[in-house]
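# An overview of the molecular structure
Each chain is listed here by its residues.
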Amino acid sequence: MGQRNTIQRTIVLETLMRMKSHPTIEELYAEIYKDHPAISKTTVYRNLRVLEENGAVRRLSLPDGPDRYEGQPKPHYHFKCSTCGSVFDIDMPTIGDIDASVESKYGFEVKDHDLVFHGKCSDCKLL
C-alpha cells in the first residue's frame, strides 16, 4: 500500500533538499520551524522516516555523532571534517559492486553501506 504525499512530507523533503548540509533531525526541524512553526517535531520525525522507507532520502549513520539525512539517495561517499564537523558529498565513482563482493566472500546479506573519509575540510585545513 503506497503512502500518500502530504503537505508536511513535501515541506520536510523540500527543506532537506534545500539545506545540502546533511543535517541532523534537530537541525532539519529548526530550519522547518522558521517558516512552518505549526509543524511539530513529531511530524518531522514521522515524515522523515516515511521518506527514508520510500527511498526519497538517505540516513547517514556516523559513529561519532547523530545520524544525518540527505536528499541524495543514490550511492555515493562522504567526507566529515574532524574540526568543524561538516559533512560533504564526494563526487567520484563508487567502488563496483562492493555489496555483492562482501556478500559473496562472507555470506552476509548487505542492505547498504557508507564510506566516510575523515580529516580536515579545505577551510579548516587553512586554520
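These figures come from a predicted structure and were not determined experimentally.

This next bit is on the state of the cysteines. With the rule as written, the count across this model stands at zero disulfides. Just so you know, cysteine 84 is unpaired, no disulfide at all, and the nearest cysteine sulfur is the one on cysteine 81, 3.6 Å from it. Considering cysteine sulfurs only, cysteine 121 is the nearest to cysteine 124, which forms no disulfide, with 3.7 Å between them.

Further remarks concern the pattern of salt bridges. For the structure on display, the rule yields nine salt bridges. Among the salt bridges present, the one from arginine 18 reaches glutamate 31, with a minimum N-O distance of 3.9 Å. Here arginine 18, found in helix α1 (residues 7-19), pairs with glutamate 31, found in helix α2 (residues 25-35); they are 13 residues apart in sequence, far enough to count as distant. Residue lysine 80 is joined to aspartate 64 by a salt bridge in which the shortest nitrogen-to-oxygen separation is 3.3 Å. Of the two residues, lysine 80 sits in strand β3 (residues 77-81) while aspartate 64 sits in the loop between β1 (58-60) and β2 (68-70), which places them 16 residues apart along the sequence. By sharing partners, the salt bridges in this structure join Arg18, Glu31 and Lys34 into a single network.

The next thing to look at is the nonpolar core. Counting 13 residues, the largest nonpolar core has Val12, Leu16, Leu28, Ile32, Val44 and Leu48 as its most contacted members. Within the residue set of this core, elements represented by two or more residues are α1, α2 and α3 (41-53).

Rules used in this analysis
- Residues numbered from 1 in each chain as written.
- Predicted model: local features only at pLDDT ≥ 70, side-chain atom pairs only at ≥ 80, totals over all residues.
- Heavy atoms only, no water.
- Disulfide = S-S within 2.5 Å.
- Salt bridge = Lys/Arg side-chain N within 4 Å of Asp/Glu carboxyl O.
- Helix = DSSP H or I, 4+ residues; strand = E, 2+ residues; numbered from the N terminus.
- Core = buried A, V, L, I, M, F, W, Y, C linked by side-chain atoms within 4.5 Å.
- Buried < 20%, exposed > 50% of the residue type's maximum accessible area, 1.4 Å probe, protein only.

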